[in-house]
Amino acid sequence: MLLCVAGAPADAPARKQGLIANLLFVLLLPAIIYSLFILYGGQQRAYERRFGTPDFCPHCKKAVPGRDNPDGNADEELVDLKRICPHCSQTLV
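A few points on the structure. Worth saying up front: this structure is predicted, and the values here are computed from it rather than measured.

1. Quick notes on the overall build of the protein
Scanning the protein from terminus to terminus reveals four helices and four strands. When its helices and strands are written in sequence order, the protein yields α-α-α-α-β-β-β-β. Within the protein, the fraction of its 93 residues that count as buried is 16%. When the accessible area of the protein is evaluated, it comes to approximately 7400 Å², of which 62% is carbon and sulfur surface.

2. Brief notes about helix 3 (residues 19-40)
Taking 1.5 Å per residue as the helical rise, helix 3 with its 22 residues ought to reach 32 Å, and the 32 Å between its terminal C-alpha atoms agrees with that figure. For helix 3, the principal kink sits at Leu28 and spans about 30 degrees; a proline, Pro30, occurs within the next four residues. Within two residues after helix 3, Gly41 carries a phi angle of roughly 135 degrees, on the positive side.

3. Structural notes on a nonpolar patch on the surface
Together, Leu28, Ile32, Leu36 and Leu39 give the surface a local cluster of nonpolar side chains, amounting to about 430 Å² of exposed area. With respect to the secondary-structure elements, Ile32 resides in helix 3. Since its relative accessible area comes to 42%, Ile32 is described here as partly exposed.

4. What about the environment of Phe51?
Along the polypeptide, Phe51 turns up in helix 4 (residues 42-51). Placed 15 residues apart in sequence, Phe51 and Gly66 show a C-alpha to C-alpha distance of 6.3 Å.

5. Details of the packing of aromatic side chains
In total, this model carries zero aromatic pairs according to the counting rule given. Above the plane of the ring of Tyr40 lies Arg45, whose end atom (NZ or CZ) is 5.3 Å from the centre.

6. A closer look at the side chain of Asn22
Tracing the chain through its elements places Asn22 in helix 3. For Asn22, a relative accessible area of 12% translates into the label buried. Other than its neighbours up to four places away in sequence, Asn22 contacts Val5, Ala14 and Arg15.

7. Considering the packing of helix 3 against helix 4
To describe two helices that pack against each other, one gives the angle between their axes and the distance between the axes. Packing of helix 3 against helix 4 leaves a shortest axis separation of 6 Å and a crossing angle of 70 degrees. Relative to helix 4, the element helix 3 is oriented roughly perpendicular. As helix 3 runs across helix 4, the sense of the crossing is left-handed. Of the residues in helix 4, those touching helix 3 at Phe37, Ile38 and Tyr40 are Gly42, Gln43, Arg45 and Arg49. Of the residues in the contact of helix 3 with helix 4, the class split is three nonpolar, two polar and two charged.

8. A look at the environment of Arg15
Note on placement: Arg15 falls in helix 2 (residues 13-16). Setting aside residues no more than four positions away along its own chain, Arg15 makes contact with Val5, Ala6, Ala8, Pro9, Ala10 and Asn22.

Rules of the game
- Residues numbered from 1 in each chain as written.
- Predicted model: local features only at pLDDT ≥ 70, side-chain atom pairs only at ≥ 80, totals over all residues.
- Heavy atoms only, no water.
- Helix = DSSP H or I, 4+ residues; strand = E, 2+ residues; numbered from the N terminus.
- Buried < 20%, exposed > 50% of the residue type's maximum accessible area, 1.4 Å probe, protein only.
- Areas by Shrake-Rupley, 256 points an atom, 1.4 Å probe, with all protein chains shown as cover.
- Expected span 1.5 Å × (residues − 1).
- Bend = angle between axes of the 7 residues up to and from the residue.
- Patch = residues over 30% accessible without salt bridge, like charges linked within 9 Å, V, L, I, M, F, W, Y side chains within 5 Å.
- Salt bridge = Lys/Arg side-chain N within 4 Å of Asp/Glu carboxyl O.
- Phe/Tyr/Trp six-rings, centres within 6.5 Å; stacked < 30°, edge-to-face > 60°.
- Lys NZ or Arg CZ within 6 Å of the ring centre and 35° of its normal.
- Contact = heavy atoms within 4.5 Å.
- Axes fitted to C-alpha atoms, helices over the stretch in contact; angles between N-to-C directions.
- Parallel < 35°, antiparallel > 145°, perpendicular 65-115°, else oblique.
- Left-handed = near helix turned anticlockwise from the far one by under 90°.
- Nonpolar A, V, L, I, M, F, W, Y, C, P; charged D, E, K, R; others polar.

As structure tokens, then:
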């Protein structure tokens, strides 16, 4: 994105603002996206949206995804996983 601002013609409005304004402009869009990601809930919410709230194996006490979305599309219906712990291979109840 910095190359887009630096490669703009000399009469472009972005070039007339100065170096500091161009730098702030380049950092503005990623900052907005990052802020929305954090306000939405961050990595935990993204994980739960894809895999559901994790369950815990009663044998090894490690987190096991509650559901799986094989295609990776968060809008499709989620499918229940095989009820076997991937860590200790015990059958989950």
